[in-house]
Amino acid sequence: GKLDCVLSYSDDFKHRSIVYSFPDAENSNLPVFTMNYARIQVPFEVTLWVLLASFAKIGFHVYHKITFWVPESCLLISIGLMVGAIMHSVHEEPPAVLSYNVFFLFMLPPIVLESGYFIPTRPFFENVGTVLWFAVVGTLWNSIGIGMSLYAVCQIEAFEVQDINLQENMLFAAIISAVDPVAVLSVFEDVSVNEQLYIVVFGECLFNDAVTVVLYNMFNFVAEMPEVEPVDVFLGVARFFVVGLGGMGFGVIFGFVASFTTRFTSNVREIEPLFIFMYSYLAYLVAELFSISSIMAIVTCALTMKYYVEENVSQRSCTTIRHVVKMLGTISETLIFFFLGVVTITTEHEWNWGYIMFTLLLALVWRGLGVLVLTQIINPFRTIPFNFKDQFILGYGGLRGAISFALVFTLPDSIGRKKLFVTTTICMIMFTVFIQGISIRPLIEFINVRRTNRNLETINVEIHSRLIEHTIAGVEDLCGQWSHYYWKDKFLKFNNRILRKILIRDNRAESSIVALYKKLELQNAMEILDTVSGDINAGSSIVSLQYVYPLSHSSACFLSLSLSLSRSLSLACSLSLACSLSLSFSLSLLLAFSLSLSLSLSLSLSVSFCGLVTLSVSLSLCPPGCLSYTSFHIVHPSSLTHYPFNLNRSDGYLRNPEGFGLGSIYQG
Amino acid sequence: MGSTNSTLSKIPNVEELVQETGFTPAHIVRLYDRFEALDKEKTGHLRPQDFGAINRLAINPIGDRIIGAFFSPGQETVDFHSFVRILAHFRPADKKRPKDPSMPEPVNSRTSKLKFAFQLYDQDKDGKISRAELLQVLRSMLEMQVTEEQLESIADRTIQEADLDTDDAISFEEFRKVPPGGALRLTYQHGALTQIRFIIVKNYVRFDNGKQAMKGNRYLKFTLPC
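Small disclaimer: the values here were computed from a predicted structure and weren't measured.

Caption draft 1: Focus on the overall build of chain A. Looking only at helices and strands, chain A features 22 helices and nine strands. By the burial criterion, 53% of the 668 residues in chain A qualify as buried. As displayed, chain A has an accessible area near 29,800 Å², and 68% of this comes from carbon and sulfur atoms.

Caption draft 2: Representation of the overall build of chain B in the model. Each helix and strand counted, chain B has eleven helices and four strands in total. The buried share of chain B, reckoned over its 226 residues, is 45%. The contacts of chain B with a sequence gap of at least 6 include a subset with a gap of at least 24, amounting to 54%. Accessible surface for chain B amounts to roughly 12,100 Å². Of this, 54% is attributable to carbon and sulfur atoms.

Caption draft 3: Spotlight on the nonpolar core. Among the nonpolar cores identified, the biggest contains 130 residues, and Phe103, Leu108, Phe188, Phe338 and Tyr355 of chain A are the most heavily contacted of them. Among the elements that make up this core, the one with the highest residue count is helix H14 (residues 315-346) of chain A (eleven residues). In contact with Leu108 of chain A, not counting residues within four places along its chain, are Phe103, Val182, Tyr284, Ile295 and Ile403 of chain A. Counting residues in hydrophobic clusters, the runner-up holds 59 residues, among them Ile28, Ile62, Phe90 and Met141 of chain B.

Caption draft 4: Expanded view of a nonpolar patch on the surface. A surface patch of nonpolar side chains, about 550 Å² in accessible area, is lined by Phe260, Phe264, Phe491, Phe494, Ile498 and Ile502 of chain A. By the secondary structure assignment, Phe494 of chain A is in helix H20 (residues 484-503).

Caption draft 5: Local environment of the pattern of salt bridges. Here the structure, examined in full by the defined rule, presents 13 salt bridges over all chains. Ionic pairing is found between Arg367 of chain A and Glu204 of chain A, a salt bridge with its closest N-O pair at 3.2 Å. With a gap of 163 residues between them, Arg367 of chain A in helix H15 (residues 353-378) and Glu204 of chain A in helix H9 (residues 195-207) connect regions that are remote in the sequence. The buried category is assigned to Glu204 of chain A, whose relative accessible area is 3%. With its nearest N and O atoms 2.7 Å apart, the salt bridge here joins Arg131 of chain B to Asp156 of chain B. Here Arg131 of chain B is found in helix H9 (residues 131-142), whereas its partner Asp156 of chain B is found in helix H10 (residues 148-162), with 25 residues between them in sequence. With a relative accessible area of 22%, Asp156 of chain B lands in the partly exposed category. Residues participating in the shared-partner salt-bridge network are Arg131, Glu152 and Asp156 of chain B.

Caption draft 6: Examining the packing of helix H11 (residues 230-262) of chain A against helix H13 (residues 294-312) of chain A more closely. Residues and elements named next belong to chain A. It is the contact of H11 with H13, at a shortest axis distance of 7 Å, that shows an interaxial angle of 20 degrees. With respect to their mutual orientation, H11 and H13 come out roughly parallel. Classified by chirality, the crossing of H13 by H11 is right-handed. Of the residues in H13, those touching H11 at Gly244, Gly247, Met248, Gly251, Val252, Phe254, Gly255, Phe256, Ala258, Ser259 and Thr262 are Met296, Ala297, Thr300, Cys301, Thr304, Met305, Tyr308, Val309 and Asn312. For the contact of H11 with H13, a count of residues per class yields eleven nonpolar, nine polar and no charged.

Caption draft 7: Spatial organisation of the side chain of Ser171 of chain B. Among the structural elements, Ser171 of chain B can be located in strand S4 (residues 169-171). Dropping the residues within four chain positions of it, Ser171 of chain B is found in contact with Phe118, Gly127 and Lys128 of chain B.

Caption draft 8: Summary view of helix H3 (residues 72-89) of chain A. Residues and elements named next belong to chain A. Across its 18 residues, H3 extends 26 Å between first and last C-alpha, which sits within 8% of the 26 Å expected from 1.5 Å per residue. Of the residues making up H3, those classed as buried are Glu72, Ser73, Cys74, Leu75, Leu76, Ile77, Ile79, Gly80, Val83, Gly84 and Met87. On the buried face of H3, the contacting elements are helix H1 (37-60), helix H2 (64-69), helix H8 (181-188), H14 and helix H18 (418-447). In the segment just after H3, His91 is the residue with positive phi, at about 55 degrees.

Caption draft 9: Seen up close, the confidence of the model for chain A. Residues and elements named next belong to chain A. This prediction gives chain A a mean pLDDT of 74; 73% of its residues lie at or above 70. pLDDT under 50 marks residues 534-604. Its contacts with residues more than four places away, or in other chains, come to 181 contacts. In the model, residues 622-668 has pLDDT below 50 throughout and makes 123 contacts with residues more than four positions away in sequence or in other chains.

Caption draft 10: Summary view of the packing of aromatic side chains. Throughout the structure, instances matching the rule amount to 29 aromatic pairs over all chains. Here Trp49 of chain A and Phe339 of chain A contribute two aromatic rings whose centre-to-centre distance is 5.2 Å and whose plane-to-plane angle is 55 degrees, an arrangement assigned as tilted. Note that Trp49 of chain A is positioned in helix H1 and Phe339 of chain A in helix H14, a separation of 290 residues in sequence. Of the aromatic side chains, those joined through ring pairs into one cluster are Tyr32, Phe35, Phe70, Phe80 and Phe83 of chain B. The positively charged end of Lys306 of chain A is found above the aromatic ring belonging to Tyr117 of chain A, 5.4 Å away from the centroid.

Caption draft 11: Summary view of a positive patch on the surface. Residue and element names in this part refer to chain B. Together, Arg110, Lys115, Arg176 and Lys177 make up a region of like positive charge exposed at the surface. For the positive patch, the secondary-structure elements that each account for two or more residues are helix H8 (110-121) and helix H11 (172-177). In this fold, Arg110 is placed in helix H8. Given the relative accessible area of 32%, Arg110 is considered partly exposed.

Caption draft 12: How the structure looks around helix H17 (residues 402-409) of chain A. With respect to burial, H17 of chain A is a largely interior element, seven of its eight residues being buried. Those residues of H17 of chain A lying buried are Ala402, Ile403, Ser404, Phe405, Ala406, Leu407 and Val408 of chain A.

Caption draft 13: How the structure looks around the environment of Val193 of chain A. Its place among the elements puts Val193 of chain A in the loop between H8 and H9. A relative accessible area of 0% places Val193 of chain A in the buried class.

Caption draft 14: How the structure looks around unusual backbone geometry. For Ser291 of chain A, which is not glycine, the phi dihedral falls at a positive 55 degrees. By the element assignment, Ser291 of chain A lies in the loop between helix H12 (272-289) and H13. Overall, the relative accessible area of 38% leaves Ser291 of chain A in the partly exposed class. The residue Lys42 of chain B is not glycine, and still its phi comes out positive at about 55 degrees.

Caption draft 15: How the structure looks around the confidence of the model for chain B. Residues and elements named next belong to chain B. This prediction gives chain B a mean pLDDT of 67; 69% of its residues lie at or above 70. The least confident element of chain B is helix H1 (residues 2-10), whose mean pLDDT is 68; the most confident is H9, at 85. Predicted confidence is poor over residues 180-226, with pLDDT under 50, and the contacts of this stretch with residues over four places away or in other chains come to 133 contacts.

Parameters at a glance
- Residues numbered from 1 in each chain as written.
- Chains lettered and ligands numbered in written order.
- Predicted model: local features only at pLDDT ≥ 70, side-chain atom pairs only at ≥ 80, totals over all residues.
- Heavy atoms only, no water.
- Helix = DSSP H or I, 4+ residues; strand = E, 2+ residues; numbered from the N terminus.
- Buried < 20%, exposed > 50% of the residue type's maximum accessible area, 1.4 Å probe, protein only.
- Areas by Shrake-Rupley, 256 points an atom, 1.4 Å probe, with all protein chains shown as cover.
- Contact = heavy atoms within 4.5 Å.
- Core = buried A, V, L, I, M, F, W, Y, C linked by side-chain atoms within 4.5 Å.
- Patch = residues over 30% accessible without salt bridge, like charges linked within 9 Å, V, L, I, M, F, W, Y side chains within 5 Å.
- Salt bridge = Lys/Arg side-chain N within 4 Å of Asp/Glu carboxyl O.
- Axes fitted to C-alpha atoms, helices over the stretch in contact; angles between N-to-C directions.
- Parallel < 35°, antiparallel > 145°, perpendicular 65-115°, else oblique.
- Left-handed = near helix turned anticlockwise from the far one by under 90°.
- Nonpolar A, V, L, I, M, F, W, Y, C, P; charged D, E, K, R; others polar.
- Expected span 1.5 Å × (residues − 1).
- pLDDT = per-residue confidence, 0-100.
- Phe/Tyr/Trp six-rings, centres within 6.5 Å; stacked < 30°, edge-to-face > 60°.
- Lys NZ or Arg CZ within 6 Å of the ring centre and 35° of its normal.
- Lys, Arg positive; Asp, Glu negative; His and termini not counted.
- Charge placed at Lys NZ, Arg CZ, Asp CG, Glu CD.

Set out below in structure tokens:
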């Protein structure tokens, strides 16, 4: 019989699907092979984009030197730019990942959850005053300063931006003055500055959300109204308190509810991690419902929850939770930067030299001034004051990122110069992420900021710290002086007497000394097992890497033929010549990186003969409907990577200074 | 200001105290008021029992050690001058102090603070923290939570980490080298909200690539949680 081929378009004419169907005739046979792309389209494309971005991440680590000097965010944006260029040249639209809803509901929560979950709690609570000071007052200072000065700049006729009025300038300033958690964390975690500085930068970028939300809403509201009344300013202040305290309140409530729930989950261990994620996400969504600061809600939820939950859940669940939180955060971050690059190319821009340059300049200037002034005011209240080097890094580390980008897209279209704002925001983000992000590491070394050796944990430290805490508390009692030790003591008593009884299942108080001791012993035990008997693979992978290494520096892909077997399947064969002479046989599985229009997944197998010639055959799958198939392969032979299960590795888990949870294999 | 002045006049040798300890006169007045409040019998001296009247100090795990630090060996009482001198240990260090080797170390320098902390451990004042002394401290801090065996394991591990000249005790020099304040707290943090505030003010280890090799790898102790 005849095969009917139906070409159907989706509603927005962007996607085609081909459905092969047989007419209902007498001679119809059973279709052996059918294809229905439309049905799986959305999940399929999501998966492929995630995979592509993740392959990019794998690819970066091939050369360690790159990731050392260039933060991953920059690399991801660059790859995104390339992909965006390709897509733009064939007029394909990228998926709307950075649209308001998708970004704020799906992309941002995992990152903020990860930040909140792995905040080092003790330094955080010690510095909470400074953190809030910088977050609230600092952001206000920046917004108002930048807004006003931009308005002044707009008055200059030469720049042709006189039509932007004060409210719009202030609105724009509110958007770009907020330091972005995603960008800052990805840069700062690799650089080990001293604890105080780290926690202030970290905390500031998380907690300035309240101010940003309020300012954004306020100026948005005001931009549409012809005039501002004084009562609006008061309402703005009131709204700030509602937003900030409300966010924190919701977070704490959900944290307690989560802890309480985990008290009863001893029989359903498998779904214990679920509660953590659901409750924190719920906190985020409820906060979004009331338009209060959702970032603060999820951060406080994670902070509150972590302490009690980790005592209630099993060891395995604890590890799972930590691992999944990290994973989700990393995926989100990767995707955000990647799509930042993609969307940069595909949006419409309006360039204006004066406005953009002045924005960059003013942002730097105001941030620097702000940090200087604020530090002078708060230094007397700090035990460890910030010196000038710290202040410099504090100011220089104020990177802007994707949150500003998403916010600028949601500006109402009634604002005439929206495209200019979009372009300026993108420039701002690119500038801070690339220039400041790349230069901050050499700068830190150059000006010799106090660093910290974060990975050092010993029993001695723990014991001495405890002793000194007790000493200080005792001396304070002696002097009759109360400081935050008093409140800490009170809180701990309240905690022990009431909260722990309610929220924790097995109320056995355990000193941190004992806990740390157990942890360290377990770590030692597992290290010994790892290196002595365990990993057979460790040996051979080192061997194979040894041989393959000379190749990796000098192989190049010379010839690449690609055959399209059908519209969806193609076989590419490439021959590459290695320039160095080494006698080895290695069979390596390559993960080839391929950039193509509608995404394709490819696997390739390569065999190298005498180290001279590498033949690689790759098979790639791409959905039907791609216009043309272009690809290039980055062939890297030494991709046999092996990650031994070693708790002390810090490179895989750079984001988390606290180390990893205990492995589950020794738990009954 | 009138009451301050009048209180100041009651204290003998105020200027000398100010000079030696670096407290401002206002601080000294406050401390004097506190001293008088503790000294119920108005003898001008404090005895250990007077300290015991402070409730919260009494339930502090190392409360008795702190009280003991005020009394020099052999002395039964503490007068106001000694009281203030000991408390001067807790003042923040003066960063701008010129490092003059001929002058004695000021009371609130980092070294003096470390010595004070060391003395809390070293009750018999032989210049070393022996295993027994460490065990005592651990016992008082950990009280009921652990068994005697676990205490001994912890003490062993502690000495092993810090003991560089393998004499099974921690001398003051070894004590100084332990870098407190660098590590971030980990998994089982119980929301303890303090930092090493007064005693070690600026202690940042210069970051280098090798992490400190743990001597614990020499032998293995399987003391898994019970």
